[in-house]
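Single-letter residue listing:
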Amino acid sequence: MDDTPNIVKEVRKSETATVVALSGDVDLHHAPTLHATLVNIANGRPKRLIVDLGEVPYMDSSGVGTLVEILRRVTAYKGTMALIGLNPRVRSVFEITKLDKFFTICDTEQEALDT
Amino acid sequence: MNEAEIVKLSIASHPKSLPVVRSAAERMAKMEGFSEQDANELALAIDEALANVIKHGYSGQPDKPIDITLSVLRSSTGDPGLCIVVRDNGRQVDPDTIQGRDLDDLRPGGLGVHIIKTVMDEVEYSCPPDGGMQLRMVKYVSRADDSSSEGERGTSQTDPKDGDHG
């Protein structure tokens, strides 16, 4: 039995964006279920996908890699994707891997909607 | 070395074990004087090392043994640090072939060893004669007046036979 909790806390869809809020550590344990959920959402081809990491205290390369793959899917159909609410610890993983230059990283949802 | 300065952990190769080891490493690093950021980075490096063992050394099998030893040490200049040894019984790989990847590409995999190389001061993979792989890595407490570490982030580190199981 798969007892891995899904760390997707909320999915909100509007005309302008789909916002996916995560909650909990994103590591090798949780990345597969996160990947499956985000792929499913990306398959709906939202024009703008916003991933809210405000309640993610920790992320490793498994989580970052999952977001990279989703970014590639979204940009492939000409959509946009933004990350919001990164704490310094999570942001540093994007900086160490130099992926911060590929992602749109915003402080707030409104800022992501305005970009 | 004083035995009180050594922590040994034995875990199964299940991803559920990762937060337990992260917490222990982070706690020990802070006890030894690491800053919040350095302790976080040390925990991240251990997490990436264990994830690589699980994914590549054991091909995702969740019930294989991994031993982690954390020990206090001092550099030749007297700076305190932590040495972490990760030992598994998984597939052996020539340490010289373990490489990080070009970060100019936007793709998901191959980031683990880059992270380890970047945040640790010393990294060395080896193939013990009785099988499996061993990763030894060291991080020293950053000096308050050491402003170079941030600027050098992402550049190659001295030595290590670093590499990427993934």
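The structure presented is a predicted model; accordingly, all values stated were derived computationally and were not measured. (Residues numbered from 1 in each chain as written. Chains lettered and ligands numbered in written order. Predicted model: local features only at pLDDT ≥ 70, side-chain atom pairs only at ≥ 80, totals over all residues. Heavy atoms only, no water.)

> I keep staring at the confidence of the model for chain A and nothing clicks. Help me out?
Reading fine detail from the predicted coordinates is not recommended where pLDDT is low. For chain A, per-residue confidence averages 94 on the pLDDT scale, and residues scoring 70 or more make up 97% of the total. Within chain A, the lowest mean pLDDT, 94, falls on helix α4 (residues 109-114) of chain A, and the highest, 98, falls on strand β3 (residues 48-55) of chain A. (pLDDT = per-residue confidence, 0-100. Helix = DSSP H or I, 4+ residues; strand = E, 2+ residues; numbered from the N terminus.)

> So what exactly am I meant to see when it comes to the sheet that holds strand β4 (residues 122-126) of chain B here?
Strand-to-strand pairing in sheets goes through backbone hydrogen bonds, with the strands running parallel or antiparallel. All names here are of chain B. Spatial ordering of the open sheet is given by β1-β2-β3-β5-β4, a layout of 5 strands whose pairing is antiparallel. With one partner strand each, in any of the chains shown, β1 (6-12) and β4 form the two edges of the open sheet. Neighbouring strand axes in the sheet, compared pairwise and without regard to direction, differ in orientation by 15° on average. In the sheet, β1 pairs with strand β2 (residues 65-74) via 7 bridges, with the strands oriented antiparallel. Bridging from a neighbouring strand, I6 pairs with S71 of β2. (Pairing = 2+ DSSP bridges. Axes fitted to C-alpha atoms, helices over the stretch in contact; angles between N-to-C directions.)

> Where do I start with the layout of surface pockets in this structure?
To locate leftover empty space, one rolls a probe as large as a water molecule over the atoms. Considering only enclosed or pocket space, the second largest pocket measures out at about 180 Å³ in volume. Lining the second largest pocket are 13 residues, with S62(A), K55(B), P108(B), G109(B) and G110(B) sitting closest to its centre. Of all the secondary structure elements, the ones that give two or more residues to the lining of the second largest pocket are α2 (61-76) of chain A together with α2 (36-57) of chain B. If you tally residues by element for the lining of the second largest pocket, the top one is α2(A), at 3 residues. For the lining of the second largest pocket, the residue count by class is 4 nonpolar, 8 polar and 1 charged. (1 Å grid on protein atoms, 1.4 Å probe; cavity = no way out; pocket = protein on both sides within 12 Å on 5 of 7 lines; lining within 4 Å. Points joined across faces, edges and corners; volume = space filled by probe spheres on them. Nonpolar A, V, L, I, M, F, W, Y, C, P; charged D, E, K, R; others polar.)

> What should I look at first to understand the packing of aromatic side chains in this one?
Each aromatic ring pair is characterised by the separation of its centres together with the angle its planes make. Residue and element names in this part refer to chain A. One pass over the structure, following the stated rule, counts 1 aromatic pair over all chains. Ring centres of F94 and F103 lie 5.4 Å apart, and the angle between their planes is 85°; this geometry places the pair in the edge-to-face category. For F103, a relative accessible area of 5% puts it in the buried group. (Phe/Tyr/Trp six-rings, centres within 6.5 Å; stacked < 30°, edge-to-face > 60°. Buried < 20%, exposed > 50% of the residue type's maximum accessible area, 1.4 Å probe, protein only.)

> Is there a simple way to explain α2(B) in this structure?
Residues and elements named next belong to chain B. Look at α2: 30 Å from first C-alpha to last across 22 residues, which is about the 32 Å you get at 1.5 Å a residue. Across the 22 residues that make up α2, a large majority, 18, are buried. The first or second residue beyond α2 is S59, which carries a positive phi of 50°. (Expected span 1.5 Å × (residues − 1).)

> Can you walk me through the packing of helix α1 (residues 31-43) of chain A against α2(A) in this structure?
Between two packed helices, the angle of one axis relative to the other and the distance separating the axes together describe the packing. All names here are of chain A. Running from N to C, α1 and α2 cross one another at 10°; their axes reach a closest spacing of 10 Å. Taken as axis vectors, α1 and α2 run roughly parallel relative to one another. The hand of the α1/α2 crossing is right-handed. Contact residues: A31, L34, H35, L38, V39, A42 and N43 in α1; S62, G63, T66, L67, E69, I70, R73 and V74 in α2. When grouped by side-chain class, the residues that make up the contact of α1 with α2 number 8 nonpolar, 5 polar and 2 charged. (Parallel < 35°, antiparallel > 145°, perpendicular 65-115°, else oblique. Left-handed = near helix turned anticlockwise from the far one by under 90°. Contact = heavy atoms within 4.5 Å.)

> Would you mind going over the environment of T97(A) with me for this structure?
Of note, T97(A) is situated in the loop between α3 (88-96) and β5 (104-106). Along the primary structure T97(A) and S61(A) are separated by 36 residues, whereas in three dimensions their C-alpha atoms are 8.5 Å apart. Sequence-distant contacts of T97(A), that is, excluding residues within four places in its chain, are made with V64(A), L103(B), L111(B), H114(B) and I115(B). A distance of 2.7 Å separates the side chain of T97(A) from the backbone oxygen of V93(A), its partner in a polar contact. (Polar contact = N/O pair within 3.5 Å; in protein donor to acceptor, adjacent residues only side chain to side chain.)

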